[in-house]
Amino acid sequence: MTDFEKLGVFYLGQAVEPAANTRGELLLYDSKDLVTHAVCVGMTGSGKTGLCIGLLEEAAIDGIPAIVIDPKGDLANLLLTFPELRPEDFAPWVNPEDAQRKGLSTADYAAQQAQLWKDGLAKWGQDGDRIRRLQNSADFSIYTPGSTAGRPVSILKSFGAPSAELADDREEMRDRVNGTATALLSLVGIDADPVQSREHILIATILDTAWREGRNLDLAALVQQVQTPPVTRIGVLDLEAFYPEKERFKLAMALNNLLASPGFDVWLHGDSLDPASLLYTAEGKPRIAIFSIAHLSDAERMFFVSLLLNQVLSWMRSQPGTTSLRALLYMDEIFGYFPPVANPPSKKPLLTLLKQARAFGVGVVLATQNPVDLDYKGLANCGTWFIGRLQTDRDKQRVLDGLEGAALGQGGKFDRAAMEQTLAGLGNRIFLLNNVHDDRPELFETRWVLSYLRGPMTRTQIKKLMEGRREPETAARPTPVSKASVKPVIPPDIDERFVPIRGSASGSAYQPVICGAASIRFVDTKKGVDECRDVVFVAPVSDGAVAVNWEEAAEAEFSIEELEAAPAEGAAYTDLPAAAAQAKNYKTFQRDFANWLYAAQSYDLYTSPSTSETSRPGEKERDFRIRVQQTAREQRDLAVEKLRHQYASKLKPLEDRLFRAKQAVQKEKQQASSQTMNTVLNVGMSVFGAIFGGGRRGSSVTKVISGARSAGRAYEQRQDVDRAEDTVERIEEQIQAMQADLQSQIDQLAAAPDPLTEPLETTSIKPKKTNIAVKTVGLVWQA
């Protein structure tokens, strides 16, 4: 089988010829084509899930991170990878009901599935080593918003003030505000129109006012501001005339009921909904981040998907432009999220991504089994269509509408009748690939996936699958001790602040930490570095010999400006160590803090030997490695394209010579054949005349000699044929050698050091003590 481990291509299957019932070449899809997006449609049982999982596997192997939205729970199967292909690996994940239907025990059915996967992979030129490569190429994590089954997700960042760059962009800011307001109102059952709905206009005004001032919001603050908005007029109308206080109270109650509902606190804790953190691990390894939302209600799904899409949109716009594939956004079963007529909160950001993501190297892949629910005008932005077996003629007509729109949008032609005939003959796992980057559509059979497809997974199964995969919390949180309802008395000359409590403070307990904030200046004139860094650290405090050990400090999850002067009502308190209640100790804490900063802090510059890239001011190693991976991919794509162009110019003269040499062979063969026939006739007639003919004896001899000369010329013609064929063979050998040399050089590019794991050259710049300015060291209570 042809080698499919090639740079920048996805191994999706094998071309088929239905009329002859034969298989052709492997289908190797150019990953760069995904920057023009893709859509996959097919009814249940068509093999759509297998195709899309295969595409995500190929992306992971190529180091392309992805955000995956999974409304049904199928895509968690991407974590079911067993390189050893042992029955005991499959046993915990097979469906007992399937085993019962086949009259087998679970163990026997697991053995059958293991053998099925081993045979299926072998048929497609794959094995356990490729599964192992998949596991090593990317991190796979399942996120479960609103649940702790997988990795929980915090939505708080979604209400945080955006960056200054985004706030200055009026269009981006408007989209972010409207998207967040629409998503939030959908969660409380309000179908809000951005222009007509008072609820939407009020929420959007509150968000816009806070964000333009650089202030973060949470739901509790939002509820308070609904009752007491930060503005007195909405448009040209007085606030009370536009939205009376009594009616605003109803909206505040709806939001408050949401905040107070049992289990909603799960939405407030967990990993940040930040695409930059979701797409790569802390070490910079690409991640396939799977958001399983099958357990959520319809309103919760719409709320979360809308927030996530808007976060992806904001992150994308902060990235530099590229022509290479940077990341994927995949959504399975988009039924209801991208309809042709209605405008749910998810539609606007999806449409914007389809129109703009290409410039940033972000590919959008959408899948559905309900073609009639797609906005085909929006999907005209998709350059690739994967079309499987469809259930109804109505589905076929809607797909044809979409294909025709995509073709016309790209300036191409479209034969509707021929395409309709092709779609009618599709079978299981047979898909039509219509790619605007290719000359014509192509039928193919999907390859066997590396992941075990056991079907949708429950929250219990996801929890079991994610055991040991959750990252530990890194914030400095002292171990809770006894709770008290009365706040300890603190001397007035101790700087005391409180970390805001999200949601209700009932049941929460404040714990004391010592917080230090400082500004550090790093200067190295030779290296052109003059940077200031503001830092905030928290350290646990105890009654031990060393009350505060700054070696145990961790970077704070808050800024000094976020801290509040008063505690939340209803919160409890843990015991306060005596050392933290004595003002004189804080001078020691401050001196020790400055000494620790001098010893521990440095300004690190990183250099990648493979790309010669150097980190930017303030760029962390993780972010640098992520950027270098993209640079390496771009350099790789350019190098491969350059090599192919160089060799194409070298191959063209050889191919022309080969064409002329083959023509010469044909000509020499024709001449040799003609001369051979003449020789036979001449010799035959000469002999016949010599034996039976009359006349002079000399005439007969002359004829025999003439026949002999004719035979000699035939021999020479055959030698001319041999020489011409030798020329063809030499030229073909030269072409093959040149093609082998091209592939060798491409393979050398593939063998280049991996920017993710290569050792970086590090230059550390230490601060001077005089360049460390401690702003404050005080007592902070955090829940």
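For strand β24 (residues 772-782), the tally of buried residues reaches eight of 11 residues, placing the bulk of the element in the interior. Relative to β24, strand β17 (residues 496-498) is paired through three bridges, and the arrangement is parallel. Residue pairing in the sheet places Phe498 in a bridge with Trp781 of β24.

Taken as a whole, this structure holds 35 salt bridges when the rule is applied. Ionic pairing is found between Arg86 and Asp89, a salt bridge with its closest N-O pair at 3.1 Å. Residue class for Asp89 comes out buried when judged on its relative accessible area of 17%. One salt bridge in this structure joins Asp656 and Lys652, with 3.1 Å as the shortest N-O distance. Pair noted here: Asp656 and Lys652 are both in helix α19 (residues 621-692), with a separation of four residues, about one helical turn. With a relative accessible area of 30%, Asp656 lands in the partly exposed category. When its relative accessible area of 45% is taken as the criterion, Lys652 is described as partly exposed.

Moving on, we get to the layout of surface pockets. In this structure, the second largest pocket encloses a volume near 1,300 Å³. Lining of the second largest pocket is provided by 44 residues; of these, Leu7, Gly8, Asp62, Arg636 and Ala750 occupy positions nearest its centre. The set of elements that each furnish at least two residues to the lining of the second largest pocket consists of β2 (22-30), α1 (48-61), α5 (128-137), α19 and α20 (697-750). With 10 residues, the top contributor of residues to the lining of the second largest pocket is α19.

A few words now on the packing of aromatic side chains. Pairs of aromatic rings are described using the distance from one ring centre to the other and the angle between the two planes. Tallied over the entire structure, the rule returns 23 aromatic pairs. Both rings, one in Phe264 and one in Trp267, keep their centres 6.4 Å apart while their planes meet at 25°; by these two values the pair is stacked. For Phe264, a relative accessible area of 4% corresponds to the buried category. Ring centres 5.3 Å apart and planes at 35° place the aromatic pair Tyr510 and Tyr573 in the tilted group. Note that Tyr510 is positioned in strand β18 (residues 509-524) and Tyr573 in strand β21 (residues 572-574), a separation of 63 residues in sequence. The burial state of Tyr510 is the same as that of Tyr573; both residues are buried.

Glycine aside, residues mostly have negative phi angles, and peptide bonds mostly take the trans form. The residue Arg429 is not glycine, and still its phi comes out positive at about 65°. Within the secondary structure, Arg429 sits in the loop between α16 (416-424) and β14 (430-435). Look at Ser612: it is not a glycine, yet its phi comes out positive at around 65°. In this structure, Ser612 sits in the loop between β22 (603-607) and α19.

Looking at where Tyr11 falls in the secondary structure, it is placed in strand β1 (residues 9-17). Note: C-alpha distance between Tyr11 and Asp30 (19 residues apart in sequence) is 9.2 Å. Of the polar contacts made by the side chain of Tyr11, one reaches the backbone oxygen of Trp124; its length is 2.9 Å.

For the rest of this paragraph, the subject is the confidence of the model for the protein chain. On average, residues of the protein chain score 86 in pLDDT, and 90% of them are at 70 or above. Low pLDDT, under 50, characterises residues 473-484; the stretch is placed with 29 contacts to residues that sit more than four places away or in other chains.

Counting residues in each nonpolar core, the largest one holds 94 residues, and the members touching the most others are Phe291 and Ile387. Tallying contributions element by element places helix α13 (residues 298-317) first for this core, with 11 residues. Aside from chain neighbours lying at most four places away, what touches Ile387 is Val41, Val399, Leu403, Leu423, Leu426, Ile430, Phe431 and Leu432. In terms of nonpolar packing, the next biggest core, distinct from the first, is built from 64 residues, Ala59, Ile61, Val94 and Leu325 among them.

Below, the discussion takes up helix α9 (residues 219-227). Those residues of α9 that sit buried are Leu219, Leu222, Val223, Gln225 and Val226. Against the buried residues of α9 lie α7 (170-187), α8 (198-212) and α11 (245-260).

For the structure shown, the criterion picks out zero disulfides. There is no disulfide at Cys52, and the cysteine sulfur nearest it, in Cys40, is 3.8 Å away. Just so you know, Cys532 is unpaired, no disulfide at all, and the nearest cysteine sulfur is the one on Cys515, 19 Å from it.

Turning next to the side chain of Asp70. Tracing the sequence through the fold places Asp70 in strand β4 (residues 66-70). Here Asp70 occupies a buried position and makes no salt bridge, while the nearest side chain of opposite charge, Lys72, is found at 7.4 Å. Polar contacts involving the side chain of Asp70 include one to the main-chain amide nitrogen of Leu75, which spans 2.9 Å. Sequence-distant contacts of Asp70, defined by excluding residues within four places in its chain, comprise Leu75, Ala76, Ile290, Phe291, Ser292, Ile293, Ala294 and Asp332.

The next point concerns a negative patch on the surface. On the surface, Glu165, Asp168, Asp169 and Glu171 cluster together to form a negatively charged patch. Mapped onto the fold, Glu165 is located in helix α6 (residues 164-168). For Glu165, a relative accessible area of 61% puts it in the exposed group.

Before going further, it helps to spend a moment on the pairing of β18. Among the 16 residues of β18, 14 are classified as buried, and the element is accordingly described as predominantly covered. One ladder, built from two bridges, connects β18 with β21; its direction is parallel. Residue pairing in the sheet places Ala509 in a bridge with Ala572 of β21. Hairpin connection between β18 and strand β19 (residues 529-540): a loop of four residues separates the two successive antiparallel strands, and Gly528 in this loop has a positive phi of roughly 70°.

Turning our eyes to something else, we now look at the packing of α7 against α8. Two elements in contact, α7 and α8, have axes whose closest approach is 9 Å; the angle formed by their N-to-C orientations is 130°. When the axis of α7 is compared with that of α8, the two are oblique. Judged by the twist between their axes, the crossing of α7 over α8 is right-handed. Listed contacts from α8 to Met173, Arg176, Val177, Asn178, Thr180, Ala181, Thr182 and Leu185 of α7 are Glu199, His200, Ile203, Ala204, Leu207, Asp208, Trp211 and Arg212.

Scoring rules and cut-offs
- Residues numbered from 1 in each chain as written.
- Predicted model: local features only at pLDDT ≥ 70, side-chain atom pairs only at ≥ 80, totals over all residues.
- Heavy atoms only, no water.
- Buried < 20%, exposed > 50% of the residue type's maximum accessible area, 1.4 Å probe, protein only.
- Helix = DSSP H or I, 4+ residues; strand = E, 2+ residues; numbered from the N terminus.
- Pairing = 2+ DSSP bridges.
- Salt bridge = Lys/Arg side-chain N within 4 Å of Asp/Glu carboxyl O.
- 1 Å grid on protein atoms, 1.4 Å probe; cavity = no way out; pocket = protein on both sides within 12 Å on 5 of 7 lines; lining within 4 Å.
- Points joined across faces, edges and corners; volume = space filled by probe spheres on them.
- Phe/Tyr/Trp six-rings, centres within 6.5 Å; stacked < 30°, edge-to-face > 60°.
- Polar contact = N/O pair within 3.5 Å; in protein donor to acceptor, adjacent residues only side chain to side chain.
- pLDDT = per-residue confidence, 0-100.
- Contact = heavy atoms within 4.5 Å.
- Core = buried A, V, L, I, M, F, W, Y, C linked by side-chain atoms within 4.5 Å.
- Disulfide = S-S within 2.5 Å.
- Lys, Arg positive; Asp, Glu negative; His and termini not counted.
- Patch = residues over 30% accessible without salt bridge, like charges linked within 9 Å, V, L, I, M, F, W, Y side chains within 5 Å.
- Areas by Shrake-Rupley, 256 points an atom, 1.4 Å probe, with all protein chains shown as cover.
- Charge placed at Lys NZ, Arg CZ, Asp CG, Glu CD.
- Axes fitted to C-alpha atoms, helices over the stretch in contact; angles between N-to-C directions.
- Parallel < 35°, antiparallel > 145°, perpendicular 65-115°, else oblique.
- Left-handed = near helix turned anticlockwise from the far one by under 90°.

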